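# Examining the three-dimensional arrangement
For reference, the chains in residue letters:
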Amino acid sequence: MFYYVLKYVLLGPLLRVLFRPRIEGLEHIPAEGPAIIAGNHLSFSDHFLMPAILKRRITFLAKAEYFTGPGLKGRLTAFFFRGAGQIPVDRSGKEAGKEAIREGLGVLAKDELLGIYPEGTRSHDGRLYKGKVGVAVMAIRGQVPVVPCAMVGTFEIQPPGQVVPRIRRVTIRFGEPLEFARYAGLENQKAAVRAVTDEIMYAILGLSGQEYVDRYAAEVKAEQAKTEPARKFRRRPR
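Summary of the structure given here. As the structure is a computational prediction, the values presented were derived from the model and not from experiment. (Residues numbered from 1 in each chain as written. Predicted model: local features only at pLDDT ≥ 70, side-chain atom pairs only at ≥ 80, totals over all residues. Heavy atoms only, no water.)

### A few points about helix α1 (residues 2-10)
- If you check which residues of α1 are buried, you get Y3, L6 and K7. Looking straight down α1, one finds its buried side chains confined to an arc of 90 degrees; they lie on one side.
- Considering only its buried residues, α1 is in contact with α2 (12-19), α3 (46-53), β3 (58-63) and α4 (71-83). (Buried < 20%, exposed > 50% of the residue type's maximum accessible area, 1.4 Å probe, protein only. Helix = DSSP H or I, 4+ residues; strand = E, 2+ residues; numbered from the N terminus. Arc of directions from axis to C-beta. Contact = heavy atoms within 4.5 Å.)

Set out below in structure tokens:
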């Protein structure tokens, strides 16, 4: 219930007025039945802009930290995300990927739309990073189409560290559904799920026009986090 209040009364109309999103390829979203919407992830705003323009309900797998924050702010954030139909997924530990796949398949089993960001985290520099294979496992095992999606301009309105988004127009672009019936039964084969994931990422790349990095975003972020303190405290030459 709260999902539709947000979408049609509280948040959706406001987002459409403020950001005036250009919507391209909306006809590629199936009118019914299960499907995965796989997109790039440039901004915190992505979580809200895409659901605001879709006719159907979409459920995202969201990081568990959004549901476990301390204090009043944490409780309000958790309430908001639960009310918006988002599912918390613990991204740490060996079972994290399996849990995400179980939750995602549960959404698809109900003939609903599942939203997922194959990169696994927000891009910290606006580039498109290597996709994780969970999206491929769900697509093959669930035998559902994957609709690639590109958010264009959301990095500029709310890059990392920007709390309040800038008011600028954005574009949300959907591509033709990708079918992977030819991989049926191969969801446990590394080569197969890597091939499917790369095909999905290539489709997103074609829609977004981003620079592509053939590495996981989380790895690059971790490396930069280690070097930043050294740069910060390095003495300047006299």
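### Some words on the side chain of Q210
- By the secondary structure assignment, Q210 is in the loop between α8 (190-208) and β9 (212-213).
- Using a relative accessible area of 13% as the deciding quantity, one classes Q210 as buried.
- Side chain to side chain, Q210 and N40 meet in a polar contact 2.9 Å long.
- Excluding residues that lie within four positions of it along the chain, Q210 makes contacts with N40, L42, G126, R127, L128 and L205. (Polar contact = N/O pair within 3.5 Å; in protein donor to acceptor, adjacent residues only side chain to side chain.)

### Things to note about the sheet that holds strand β2 (residues 35-39)
- With mixed pairing, seven strands are arranged side by side in an open sheet as β1-β8-β7-β2-β5-β3-β4. Of all strands in the sheet, those with a lone pairing partner are β1 (22-24) and β4 (87-89), marking the two edges. Neighbour-to-neighbour, the strand axes of the sheet open up by a mean angle of 25 degrees, direction not taken into account.
- Alignment of β2 against strand β7 (residues 146-152), held across four bridges, turns out to be parallel. When the sheet's bridge partners are listed, A38 is paired in β7 with P148. (Pairing = 2+ DSSP bridges. Axes fitted to C-alpha atoms, helices over the stretch in contact; angles between N-to-C directions.)

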